[in-house]
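Residues per chain, in single letters:
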Amino acid sequence: MDEDITLNPENPSNGMLERQREEISLTREVETPAQQQMRMRAAAGVKCPHCGTINDPEAIYCESCGNPIGKTSCPNCGAELDPDADFCESCRRYIKHDICSFCGARLSSADAFCPECGSPRGGIVCPVCHTLNDFSFCKQCGYALTEDARRLMEKVHEMPEFKELQKLASSLQQLEQSIPYSSERDLLKDQRNIKLRERVLTLLAEDRGIAHPRIPEAENKRLSKEEYNAKKKERLEQIAAILDKMVQAPQPKPAQVRNYAMACRPQGVRLAWECNFKHALHSSPCGCAKPQLGGKWIILGKDIKKEIKDDK
């Protein structure tokens, strides 16, 4: 049987292991205080996901690149927040008191009004629906609350994309107000009504001396359910395609994204704001904690499974 060298104290391999242990011990003994501090910091610190720098455990921002690496809490309700969030989605309050929520300018503690846009620090009450707002557009009805917001809306509404978007939205709204016929009986009734309309208009024209009047077709021609569903699907797809082209890219200031997105919102179609922060649905970018990451408007319909976060 071979000898077990691991238990043999005279084995040369055991002496080599002992010398290695001594060298490691000596190396640790001569380690400088700065090296010890760096080693301990690396073991207990927080690694920046952006640049890899090891930061103090309590650090919120990276000391090298300045990006956020930790969490902070809402000063109003205590909910956990990212340090670059300016809005708490739990209590729905604006929390950056040193930054104007309407334009993104810096504020001092003594400023009652923004030195850049003139908006009041405490918010603006919407003159239409009487909702108190921290942002340039009313979060309830979308009304432009500041002069800058009104100018931005006028500029956006002159864009060819928005004109086409609003035209399609109005067409969809008009279509949804019509009632499609669902049976042969409805179709026959509709045809009788068309003939009756033509007869009445013809008699009225003849009373005015017009021998052979030309009766225009009814603008709101009633559709079958199949025609109605096909037209509605076509309109929704056209609107969605334009909304995709108007995706809001990330911007340095959250106010820039909120204002531009609200100015781009068409009337006459049910929409929700899908943010790039958590890919959650909001009734508008006013309910997102980090709109500076961008997002887009999406059409609400039966195929949308997510709930709107602001409505919970």
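The rules behind each value
By convention here, each chain's residues receive numbers from 1 onward along its written sequence. Owing to the predicted nature of the model, reporting of local features is limited to residues with pLDDT of at least 70; listing and counting of side-chain atom pairs is limited to 80 or more, with chain, interface and lining totals taken over all residues. Just so you know, side-chain values use all the structure's heavy atoms and leave hydrogens and water out. Between the N-to-C directions of two axes lies an angle of 0 to 180 degrees, each axis being a line fitted to C-alpha atoms and, for a helix, fitted only over the stretch in contact. Counting from the N terminus, the helices are the DSSP runs of H or I reaching at least four residues and the strands are the DSSP runs of E reaching at least two. Just so you know how the angles are binned, under 35 degrees is roughly parallel, over 145 roughly antiparallel, 65 to 115 roughly perpendicular, and the rest oblique. By definition, any crossing whose near helix is turned counterclockwise from its far helix by less than a right angle is left-handed, and any crossing with a clockwise turn is right-handed. Whether two residues touch is decided by their heavy atoms; if any such pair falls within 4.5 Å, the residues are in contact. We call Asp, Glu, Lys and Arg charged. Ala, Val, Leu, Ile, Met, Phe, Trp, Tyr, Cys and Pro are nonpolar, and the rest, Gly among them, are polar. Between Lys or Arg on one side and Asp or Glu on the other, a salt bridge is scored when a side-chain nitrogen of the former is within 4 Å of a carboxyl oxygen of the latter. Under the scheme applied here, a residue whose accessible area is under 20% of the maximum for its type counts as buried, over 50% as exposed, and between as partly exposed, the area being computed with a 1.4 Å probe on protein chains only. Counted as a polar contact is a pair of N or O atoms within 3.5 Å, where, for protein atoms, one must be capable of donating a hydrogen and the other of accepting one, and residues adjacent in sequence contribute only when both atoms are in side chains. Aromatic contacts are taken between Phe, Tyr and Trp rings whose centres are within 6.5 Å, Trp giving its six-membered ring; a plane angle under 30 degrees counts as stacked, one over 60 as edge-to-face, and the others as tilted. Whether a set of points on the 1 Å grid over the protein atoms alone is a cavity depends on a 1.4 Å probe fitting there but being unable to get out, while an open set qualifies as a pocket with protein on both sides within 12 Å along at least five of seven lines; lining residues are those with an atom within 4 Å of a point. Grid points are joined across faces, edges and corners, and a volume is the space filled by probe spheres set on the points.

Asks: Give me the packing of helix α4 (residues 160-177) against helix α6 (residues 225-245): which residues, what numbers.
Replies: Think of two packed helices as two axes; the pair is described by the angle between the axes and how far apart they sit. Where α4 contacts α6, the axes come no closer than 10 Å and their chain directions differ by 155 degrees. One finds that α4 runs roughly antiparallel with respect to α6. Every pair of crossing elements has a handedness; the one defined by α4 and α6 is left-handed. Here Glu161, Glu164, Leu165, Leu168, Ala169, Ser171, Leu172, Leu175 and Glu176 of α4 come into contact with α6, specifically with Tyr228, Lys231, Lys232, Arg235, Leu236, Gln238, Ile239, Ile242 and Leu243. By residue class, the composition of the contact of α4 with α6 is 10 nonpolar, 2 polar and 6 charged.

Asks: So what's going on with the pattern of salt bridges? Which residues, and what values?
Replies: If you walk through the whole model with that rule in mind, you get 12 salt bridges. Between Asp82 and Lys71 there is a salt bridge whose closest N-O contact spans 2.4 Å. Here Asp82, found in the loop between β4 (80-81) and β5 (87-88), pairs with Lys71, found in the loop between β2 (54-55) and β3 (72-73); they are 11 residues apart in sequence, far enough to count as distant. By relative accessible area, which is 16% here, Asp82 ends up buried. Here Arg258 makes a salt bridge to Asp86, at a shortest N to O gap of 2.9 Å.

Asks: Kindly report on the side chain of Ser136, identifying the contributing residues and their values.
Replies: Along the chain, Ser136 falls in the loop between β8 (132-133) and α3 (147-157). Looking at Ser136, its side chain comes within polar contact range of the main-chain oxygen of Phe102, at 3.0 Å. A polar side-chain atom of Ser136 sits 3.4 Å from a polar atom in the side chain of Asn259. Not counting the four nearest positions on each side in its chain, Ser136 is found in contact with Phe102, Tyr143, Ala144, Leu145, Thr146, Ala149 and Asn259.

Asks: So what's going on with unusual backbone geometry? Which residues, and what values?
Replies: Peptide bonds are mostly trans, and most non-glycine residues show a negative phi. Located in the positive-phi region is His130, a residue other than glycine, with phi close to 65 degrees. For His130, the position within the fold is in the loop between β7 (124-125) and β8. Judged by relative accessible area, His130 falls into the exposed class, the value being 61%.

Asks: Any chance you could break down helix α7 (residues 254-263) for me, citing the residues and the numbers?
Replies: Taken across its 10 residues, α7 has 8 buried, putting it largely inside the fold. By the burial criterion, the buried members of α7 are Pro254, Ala255, Val257, Arg258, Asn259, Ala261, Met262 and Ala263. In this structure, the buried residues of α7 make contact with β5, α3, α4, β9 (271-275) and β11 (295-299).

Asks: How would you sum up the packing of α3 against α7? Please name residues and give values.
Replies: Across the interface, α3 lies against α7 with an axial gap of 9 Å and an inter-helix angle of 50 degrees. Considering the angle they form, α3 stands oblique to α7. The chirality of how α3 crosses α7 is right-handed. Across from Leu152, Met153, Val156 and His157 in α3, the residues of α7 making contact are Asn259, Tyr260 and Ala263. Residues that form the contact of α3 with α7 fall into these classes: 5 nonpolar, 2 polar and no charged.

Asks: Account for the packing of aromatic side chains, with residues named and values stated.
Replies: For the coordinates displayed, the defined rule picks out 3 aromatic pairs. Counting every residue linked through ring pairs, the aromatic cluster contains Phe87, Tyr94 and Phe135.

Asks: Go over empty space enclosed by the protein, please, and point to the residues and values.
Replies: Counted under the stated rule, the structure contains 2 cavities of 30 Å³ or more. Empty space within the largest cavity amounts to approximately 60 Å³. If you trace the largest cavity, you find it lined by Leu243, Met246, Gln248, Tyr260, Ala261, Cys264, Trp273, Gly295, Lys296 and Trp297. Elements with a contribution of two residues or more to the lining of the largest cavity: α7 and β11. Here the lining of the largest cavity gets 3 residues from one element, more than from any other, and that element is β11. Reported here for the second largest cavity is a volume of approximately 40 Å³. Around the second largest cavity, the lining residues are Phe87, Glu89, Arg92, Gly287, Lys309 and Asp310.

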